[in-house]
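Listed below, chain by chain, are the residues.
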Amino acid sequence: MTDEELVKQALAELGDVVRCRCHEAYKERGLHDPDCQCDSAEALATVERHIATLTEQLEAARADAKEAEAYAEELEKDQVDLCRQLIAAEDKLAKAVEALKEALYFLKPTESDMEKKAGIYRIVTTLAEIEGEKG
Ligand SMILES: [Zn+2]
């Protein structure tokens, strides 16, 4: 039996305990039998209302947890996508750096190229910048 079923059963048993068994002789005089437990019926009703409220809150919390779990899964997927994009970008950058290094090897920049700040100067400085960032 689940906890929920056990609680239901316990409440039903308590309901039976507090069920009014006062004799008409008492009722007709606006009294109740001191041996009858019916004066505890309101206390039981309070407990039942409280359990109903807690049950609602529990269900709401479970729904929130489920939603949070779905959101976390979505975030994880986004992060995996970002990792793939980052790896692809790093691959492209590595290829570009390799191409620039090869170009420099063939171009053999001279001091005068560097002084003129020619196109080759841009390659040298950009490559130094990229490699500096990586290191
Ligand atoms: Zn009673």
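Keep in mind that this is a model prediction, so the values were computed, not measured.

Rules behind the numbers
- Residue positions are given per chain, counted from 1 along the sequence in the order it is written.
- For a predicted model such as this one, the threshold for reporting local features is a pLDDT of at least 70, and the threshold for listing and counting side-chain atom pairs is 80 or more; totals across whole chains, interfaces and linings nevertheless cover every residue.
- Comment: elements are numbered from the N terminus, with helices defined as DSSP H or I runs of at least four residues and strands as E runs of at least two.
- Every radius of gyration here is taken over C-alpha atoms, with the globule rule written as 2.2 Å times N^0.38, N being the number of residues.
- In this scheme the burial state of a residue depends on its C-beta neighbours within 10 Å: 20 or more other such atoms mean buried, 12 or fewer mean exposed, and anything in between means partly exposed; the C-beta positions come from the backbone.
- Remark: residues whose backbone-derived C-beta atoms lie within 7 Å of one another are considered to be in contact.
- Multiply 1.5 Å by the residue count of a helix minus one, and that product is the helix's expected span.

Caption draft 1: Molecular detail of the overall build of the protein chain. Broken down by element type, the protein chain carries 5 helices and 0 strands. Mapped in sequence order, the helices and strands of the protein chain form the string α-α-α-α-α. Taken over the C-alpha trace, the protein chain has a radius of gyration of 40 Å; the compact-globule value for 135 residues is 14 Å, which it surpasses by more than 25%. Expressed as a percentage of its 135 residues, the buried residues of the protein chain come to 0%. In the protein chain, 24% of the contacts between residues at least 6 apart in sequence involve partners at least 24 apart.

Caption draft 2: Quick peek at helix 3 (residues 41–107). A rise of 1.5 Å per residue sets the reference length of helix 3, with its 67 residues, at 99 Å; its end C-alpha atoms lie 97 Å apart and thus fit the reference within 8%. Looking at the residues trailing helix 3, positive phi occurs at Lys 108, about 45°.

Caption draft 3: Layout of the environment of Cys 22. Here Cys 22 lies in the loop between helix 1 (3–18) and helix 2 (24–27). In this structure Cys 22 comes out as partly exposed when scored by C-beta crowding, with 15 C-beta atoms within 10 Å. The spatial distance from the C-alpha of Cys 22 to the C-alpha of Asp 35 is 8.2 Å, given a sequence separation of 13 residues. Aside from chain neighbours lying at most four places away, what touches Cys 22 is Lys 27, His 32, Asp 33, Cys 36 and Cys 38.

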